[in-house]
Amino acid sequence: MQKKIAVIGGGIVGATASYYLARSGHSVSVFDSGNGQATAAAAGIICPWLSRRRNKKWYRLVSEGAAFYDKLLADLASDGLKTDAYARSGAIILGQSADYIQEVHDRALERREQAPLIGSVAILKGSELEKAFPPLANVEQALYVGGGARVDGRELTKTLLEAAIHLGGTLHKGNVSLTMDNDGTLSVLTPDGPQKFDAVILAAGAWLPQLLRPLGYTVDVRGQKGQLIVLQTEARDPQNYPVIMPQGEIDLLPFGNGKTVIGASHENDKGYDLQPDASVTDPMLEQACTWLPHLKDEATTDIRVGTRAYTSDFSPFFGSVPGLQNCFAASGLGSSGLTSGPLIGYLLAELAQGKESSLPTEDYPITAYVKSTNR
Ligand SMILES: Cc1cc2nc3c(=O)[nH]c(=O)nc-3n(C[C@H](O)[C@H](O)[C@H](O)COP(=O)(O)OP(=O)(O)OC[C@H]3O[C@@H](n4cnc5c(N)ncnc54)[C@H](O)[C@@H]3O)c2cc1C
């Protein structure tokens, strides 16, 4: 039966949920303010397998999330939508010591047994390294991981939302809020007045607390400022250069046509602030130039700023909002939300259709982070 479903938030989670709901024949209304959106600002590295983090549930979500891209792209292609927003370009990992490179190499081989998508794994030196990424300087050896990928979050969500609209959905730009009626049902307060839906998905990223607070909820999610630099160089870099992941905070992503992204800062103390701050980005650029000296003389074309959502134990969650019928939410995707986000959006779409989620919701329990203060 066709349902009327609202999706609040048009980042990677909301856009993917909207696409799959519209694809299943439901009537979808997407509401998105776009302000501070993490997806549009994000760097876009998809290479979760090398993390030292020991949380198995988180690892399952990000590794299955990375693999989910194959399904997403195949589904879009079967709907006649080809996108080059995603490329499995490979990843080059840099480290401060040979021991570090060896340690990551061994971890990659061990994890490849469960995650064949990791692909080829090799320590590169000298001419091999130069062949893999000619502009790279001041590096003696590095690890190459063939399954690493990059995604342009802004482009991908645009494609997903266009697909949802093509399938009958509607997109409404601007902020909305929620209200509870006397009969205990939820309304979405839009500029055109309150609207009722059979189901509501809250994909509001770092703004989930603001959305649920008026209904008497506390939400363990805080905003974290992230800044990155987009540089335009001469269009000499081929599209398929690997992404570069040095030890530490900075990543380097060649996007082809001379576009290189350097990202990203993690500024907990700046929360929802969206102002570019050269005292943070200038040192990032300087550090990046030690590996890619040709960037030094190029003009900065853009500083992108977005707000990541974090929970106090850094774990993402999704599921049915406790105490609200037919209302589902996800948040807390942190630094890896472009990796896990499409899968989480798909899982929310399953829940909103009354289906079982393909991943157990109890492993990512919304009740640990979203609490009603009414009872
Ligand atoms: C600088 C930076 C670099 C990153 N790099 C990577 C990376 O390399 N790899 C990776 O995997 N992840 C990365 N991430 C993380 C990833 O981008 C996020 O985790 C992910 O995009 C979150 O998606 P989301 O859909 O949950 O939230 P968002 O993308 O933030 O979308 C939420 C949307 O909801 C809208 N909204 C909120 N409240 C309302 C309301 N009341 N009414 C209407 N609209 C509303 C917001 O405006 C926003 O558009 C990065 C993030 C940043 C900021």
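Everything numeric here is computed off the predicted structure, so don't read it as measured data.

*Asks:* Whenever I open this one, the site of the ligand confuses me. Can you help?
*Replies:* Close contacts around the ligand come from 38 residues, with Asp32, Thr39, Ile45, Val176 and Thr339 the closest. Within the backbone of glycine 34, an N or O atom sits 3.0 Å from an oxygen atom of the ligand. Contact between the ligand and glutamine 37: an oxygen atom at 2.9 Å from a side-chain N or O atom of the residue. Its free accessible area being 1000 Å², the ligand has 96% of it covered by the protein chains. Of all elements in the fold, only helix H1 (12-23), strand S2 (27-32), helix H2 (38-41), strand S19 (300-310) and helix H9 (337-352) reach the threshold of two or more residues within the shell around the ligand. The residue inventory of the shell around the ligand, partitioned by class, reads 17 nonpolar, 19 polar and 2 charged. Mapped onto the domain boundaries, the shell around the ligand takes at least three residues apiece from domain 1 (4-41 + 154-221 + 312-372) and domain 2 (87-148 + 223-310).

*Asks:* How should the packing of aromatic side chains be read in this particular structure?
*Replies:* Geometry of an aromatic ring pair is reported as the spacing of the ring centres plus the angle between the planes. On inspection of all chains with the given rule, the structure shows 11 aromatic pairs. Through a chain of ring-to-ring contacts, the aromatic side chains of Tyr19, Tyr20, Phe68 and Tyr346 assemble into a single cluster. Here arginine 53 stacks its cationic end above the ring of tryptophan 58, 4.4 Å away from the centre of that ring. Here the guanidinium or amino end of arginine 111 rests over the ring plane of tyrosine 59, the centre of that ring lying 4.8 Å away.

*Asks:* So what exactly am I meant to see when it comes to the domain arrangement of the chain here?
*Replies:* When cut into domains, the chain gives domain 1 (4-41 + 154-221 + 312-372) and domain 2 (87-148 + 223-310). Relative to domain 2, the C-alpha centre of domain 1 lies at a distance of 30 Å. Every contact between the two is made by 20 residues of domain 1 and, on the other side, 12 residues of domain 2. At the surface where domain 1 touches domain 2, the tally comes to 0 salt bridges. There are 7 residue pairs in polar contact (both at pLDDT 80 or more) connecting domain 1 and domain 2.

*Asks:* What is the right way to read the sheet that holds S2 from this model?
*Replies:* Adjacent strands of a sheet form backbone hydrogen bonds with each other and so pair up, either parallel or antiparallel. On the basis of which strands lie adjacent, the open sheet formed by 6 strands has the order S9-S2-S1-S13-S21-S20 and mixed pairing. Every other strand in the sheet has two partners, leaving strand S9 (170-173) and strand S20 (317-320) as the edge strands with one partner each. Mean inter-strand twist for the sheet, computed between neighbouring axes without regard to direction, equals 15°. Bridge analysis of strand S13 (residues 199-202) against strand S21 (residues 327-331) gives 3 bridges, and the strand direction is parallel.

The rules behind the values
- Residues numbered from 1 in each chain as written.
- Predicted model: local features only at pLDDT ≥ 70, side-chain atom pairs only at ≥ 80, totals over all residues.
- Heavy atoms only, no water.
- Near = heavy atom within 4 Å.
- Polar contact = N/O pair within 3.5 Å; in protein donor to acceptor, adjacent residues only side chain to side chain.
- Areas by Shrake-Rupley, 256 points an atom, 1.4 Å probe, with all protein chains shown as cover.
- Helix = DSSP H or I, 4+ residues; strand = E, 2+ residues; numbered from the N terminus.
- Nonpolar A, V, L, I, M, F, W, Y, C, P; charged D, E, K, R; others polar.
- Domains from an automatic or database assignment.
- Phe/Tyr/Trp six-rings, centres within 6.5 Å; stacked < 30°, edge-to-face > 60°.
- Lys NZ or Arg CZ within 6 Å of the ring centre and 35° of its normal.
- Contact = heavy atoms within 4.5 Å.
- Salt bridge = Lys/Arg side-chain N within 4 Å of Asp/Glu carboxyl O.
- Pairing = 2+ DSSP bridges.
- Axes fitted to C-alpha atoms, helices over the stretch in contact; angles between N-to-C directions.

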